[in-house]
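The lines below spell out each chain.
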Amino acid sequence: MAESAIFVWEGTDKQGKKTKGEISSVNPALAKAELRKQGISATKVRKKSKGISIGGGGGGSIKPADIALFTRQMATMMRAGVPLVQAFEIVAEGLDKAKLQDLIGKIRTDVAGGNSFASAIRKHPLYFDDLFCNLVDAGEQSGSLETMLDRIATYKEKTESLKAKVRKAMTYPIAVLAVAFIVSGILLIKVVPQFESVFAGFGAELPAFTQFVIGISEFTQDYWLIILAALVGVTAGFIMLRRRSKALRDALDRLALKIPVMGNIIEKSAVARYARTLSTTFAAGVPLVEALNSVAGATGNSVYIDAVYKIRDDVSTGQQLNYSMRNTGVFPNMVTQMVAIGEESGALDDMLDKSASYYEEQVDNAVDNLTALMEPMIMSVLGVLVGGLIIAMYLPIFQLGGVVGGS
């Protein structure tokens, strides 16, 4: 259930006198409805205090999750019978993010000026891709915009949820290992030299392990700026080269699918996106060949992008979708069989939707299992790195204590 908030309102009462006050409600639309029951015609309703910001603070950039929530709210408003232009106003009033409010304001102005919803959002390709625009256009043409917005909202929500799960699987171990690298660097540059100065007065040969760590420490102290610059340079160069080189991106995508555990998650994620996007576009009445053009980019991996384009070419020559998918060799048997059943029964969109839900759940479970598996492994790596450095520094002290105790 949605959380209530305090709204400040201004309006006129039954006698036409201007009045204002506060009311607790879930959103501005329900607040206005409650005020109407009290005989008050509200002209302005806004939140008194900051609510939960969509995707961040008031000045933050607009994220895909923001667009998903905007679409869901628009679908809800239109299903409730609110006119399109007024729905833009109500949704914008309930937002805390200034940039998103400004974007909705521009779309509202275009629509109020006589443009279609689809043509208005096509002016903002940074936030609304071709798939989104085409689906909205299909909804307007068929007179079922509220239904189409609901489908788009569901699609965006599930897609963003899937992306978040994959990001979680990839960023967690990277973040922990980065922290381990930083901690090890600090120990080598700041802590080990302190022990080294103490060991200099021992007058005895240090253990081989300790000498090895001190050697690494001295090298790090002398060249840490060069090492850091090299890491930054290599990372920046790699990112730039990846952006410019399609061959490199394709090679990395192929390699990603072969990584143990992680490759399985990426593969299932690509299949889920394929099925979800194709289900949404096909259910919207978009012709299959045209729908496959939008589906390709949504898979997020060049191996599946190439496969979808091959499927599109095969389907355009009259071949059945399930045969085309099977010929690519990248889709699981379960998906191709579900598609075959859907084509035979005339319920392709429903079968694709079920396949998408199944693989989204598979990704969710795989991410949870990976996280549970990675935690002890990462702790072991941290223990070996940090514990190894500490043991190396205390070995001479232990040896010295043994000599003193023996004498």
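What counts and what doesn't
Residues numbered from 1 in each chain as written. Predicted model: local features only at pLDDT ≥ 70, side-chain atom pairs only at ≥ 80, totals over all residues. Heavy atoms only, no water. Helix = DSSP H or I, 4+ residues; strand = E, 2+ residues; numbered from the N terminus. Contact = heavy atoms within 4.5 Å. 1 Å grid on protein atoms, 1.4 Å probe; cavity = no way out; pocket = protein on both sides within 12 Å on 5 of 7 lines; lining within 4 Å. Points joined across faces, edges and corners; volume = space filled by probe spheres on them. Salt bridge = Lys/Arg side-chain N within 4 Å of Asp/Glu carboxyl O. Buried < 20%, exposed > 50% of the residue type's maximum accessible area, 1.4 Å probe, protein only. Nonpolar A, V, L, I, M, F, W, Y, C, P; charged D, E, K, R; others polar.

Draft legend 1. Local environment of the side chain of Ser324. Structurally, Ser324 is set in helix α13 (residues 321-328). In this view, Ser324 contacts Ile311, Asp314, Val315 and Gln319; residues no more than four positions away in its chain are not counted.

Draft legend 2. Representation of the layout of surface pockets within the structure. Within this model, the second largest pocket holds a volume of roughly 520 Å³. Asp129, Tyr155, Lys156, Glu160 and Lys163 are, among the 25 residues lining the second largest pocket, the residues nearest its centre. Of all the secondary structure elements, the ones that give two or more residues to the lining of the second largest pocket are α2 (64-79), α6 (130-142), α7 (145-199), α10 (262-283) and α11 (288-298). Looking at which element gives the most residues to the lining of the second largest pocket, the answer is α7, with 6 residues.

Draft legend 3. Just the pattern of salt bridges, in detail. Tallied over the full model, the rule gives 14 salt bridges. Between Lys246 and Asp250 there is a salt bridge; the shortest N-O distance is 2.8 Å. With Lys246 and Asp250 both in helix α9 (residues 246-258) and 4 residues apart, the pair spans about one turn of that helix. In this structure Asp250 comes out as buried when scored by relative accessible area, which is 13%.

Draft legend 4. Spotlight on empty space enclosed by the protein. Applying the stated rule across the entire model yields 2 cavities of 30 Å³ or more. Empty space within the largest cavity amounts to approximately 40 Å³. Looking at the largest cavity, the residues that line it are Leu131, Asn134, Leu135, Thr281, Val286, Glu290 and Ser294. The element best represented in the lining of the largest cavity is α6, accounting for 3 residues. Along the lines of polarity and charge, the residues of the lining of the largest cavity split into 3 nonpolar, 3 polar and 1 charged. The volume enclosed by the second largest cavity comes to roughly 30 Å³. Around the second largest cavity, the lining residues are Lys168, Ala169, Tyr172, Pro173, Val367, Leu370, Thr371 and Met374. When residues of the lining of the second largest cavity are traced back to their parent elements, those giving at least two are α7 and α15 (348-406). Looking at the lining of the second largest cavity residue by residue, the class counts come to 6 nonpolar, 1 polar and 1 charged.

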